[in-house]
Amino acid sequence: MVCDRAIDRLVAFAKANPQALIWGGCTLLADGSVNPASCSQRITPWSLFTRTICLTGIFPDSPLFNPESYGGWQRDTERAVDIVSGCFLLIPRPLWPALGGFDPAFFMYGEEADLCLRARRIGARPMVTPESTIVHYGGASDQTPLARSAAYSKPRPR
């Protein structure tokens, strides 16, 4: 759901920050809380390590132990980021074909990370703004909702 002229606000943000070449806004979850997955840092060996040993869950507000999610940043300021979520991403028309669009190797999830990282290699510096907001109903594109699929993957008592 697009909130209060979100697209107009994102276009204005893009015009004010042309060097970014990719822009995003703030995404909210269905309950109205800020979705921290609206943007992220690139995956690194350190971020994989911190996630694998659950440091990101123990210290969600730590930039050191939750680097991919920009731990501690409340999403209330404009900021350059590595990756803008594909659910609310603006890119100039000439850049899309220059990058070859989304890589078809990524059917769902991860395509925006690949796109943003390829854009960064040619000088883009993606940015997000809290002034442009949408509600993202995460998982709505899945054929099986996440909660239901998780329930099916658990062994049933006999």
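Caption draft 1: Local environment of the overall build of the chain. In terms of regular secondary structure, the chain is built from six helices and six strands. Counting helices and strands in the order they occur from the N terminus, the chain gives α-β-β-α-α-β-β-β-α-α-β-α. Considering only intrachain contacts with a sequence separation of at least 6, the fraction spanning at least 24 residues in the chain is 71%. Carbon and sulfur atoms make up 60% of the accessible area of the chain, which totals about 9,700 Å².

Caption draft 2: Just the sheet that holds strand E3 (residues 79-80), in detail. Within the open sheet, the four strands sit side by side as E3-E6-E1-E5. Their pairing is mixed. This sheet does not close on itself; its edge strands, each paired only once, are E3 and strand E5 (89-90). Direction of pairing for E3 relative to strand E6 (residues 127-135): antiparallel, over a ladder of two bridges. Bridged to alanine 80 within E6 is methionine 127. The strands touched by helix H1 (residues 6-16) within the sheet are strand E1 (23-28), E5 and E6, with E6 carrying the most contacts at an inclination of about 170°.

Caption draft 3: Looking closely at the packing of aromatic side chains. By the definition in use, this model includes five aromatic pairs. Ring centres of phenylalanine 59 and phenylalanine 65 lie 5.2 Å apart, and the angle between their planes is 35°; on these two criteria the pair is classed as tilted. Look at tryptophan 96 and phenylalanine 102: their rings are 4.9 Å apart centre to centre, the planes differ by 90°, and that puts the pair in the edge-to-face class. What makes tryptophan 96 partly exposed here is its relative accessible area of 29%. Members of the aromatic cluster, connected to one another through ring pairs, are Trp46, Phe49, Phe59 and Phe65.

Caption draft 4: Up close: empty space enclosed by the protein. One pass over the structure, following the stated rule, counts one cavity of 30 Å³ or more. Its volume calculated, the largest cavity comes out at about 40 Å³. Lining the largest cavity are Gly25, Cys26, Ser38, Trp73, Arg75, Thr77, Val128, Thr129 and Pro130. Per element, the largest residue contribution to the lining of the largest cavity is three residues, and it comes from E6. Here the residues of the lining of the largest cavity sort into four nonpolar, four polar and one charged.

Caption draft 5: Molecular detail of the side chain of aspartate 114. By the secondary structure assignment, aspartate 114 is in helix H5 (residues 111-121). Exposure remark for aspartate 114: the relative accessible area of 17% places this residue in the buried category. Among the polar contacts listed, one links the side chain of aspartate 114 to the side chain of arginine 118, at a separation of 2.9 Å. The residues contacting aspartate 114, other than those within four sequence positions of it, are Asp103 and Phe106.

Criteria and thresholds
- Residues numbered from 1 in each chain as written.
- Predicted model: local features only at pLDDT ≥ 70, side-chain atom pairs only at ≥ 80, totals over all residues.
- Heavy atoms only, no water.
- Helix = DSSP H or I, 4+ residues; strand = E, 2+ residues; numbered from the N terminus.
- Contact = heavy atoms within 4.5 Å.
- Areas by Shrake-Rupley, 256 points an atom, 1.4 Å probe, with all protein chains shown as cover.
- Pairing = 2+ DSSP bridges.
- Axes fitted to C-alpha atoms, helices over the stretch in contact; angles between N-to-C directions.
- Phe/Tyr/Trp six-rings, centres within 6.5 Å; stacked < 30°, edge-to-face > 60°.
- Buried < 20%, exposed > 50% of the residue type's maximum accessible area, 1.4 Å probe, protein only.
- 1 Å grid on protein atoms, 1.4 Å probe; cavity = no way out; pocket = protein on both sides within 12 Å on 5 of 7 lines; lining within 4 Å.
- Points joined across faces, edges and corners; volume = space filled by probe spheres on them.
- Nonpolar A, V, L, I, M, F, W, Y, C, P; charged D, E, K, R; others polar.
- Polar contact = N/O pair within 3.5 Å; in protein donor to acceptor, adjacent residues only side chain to side chain.

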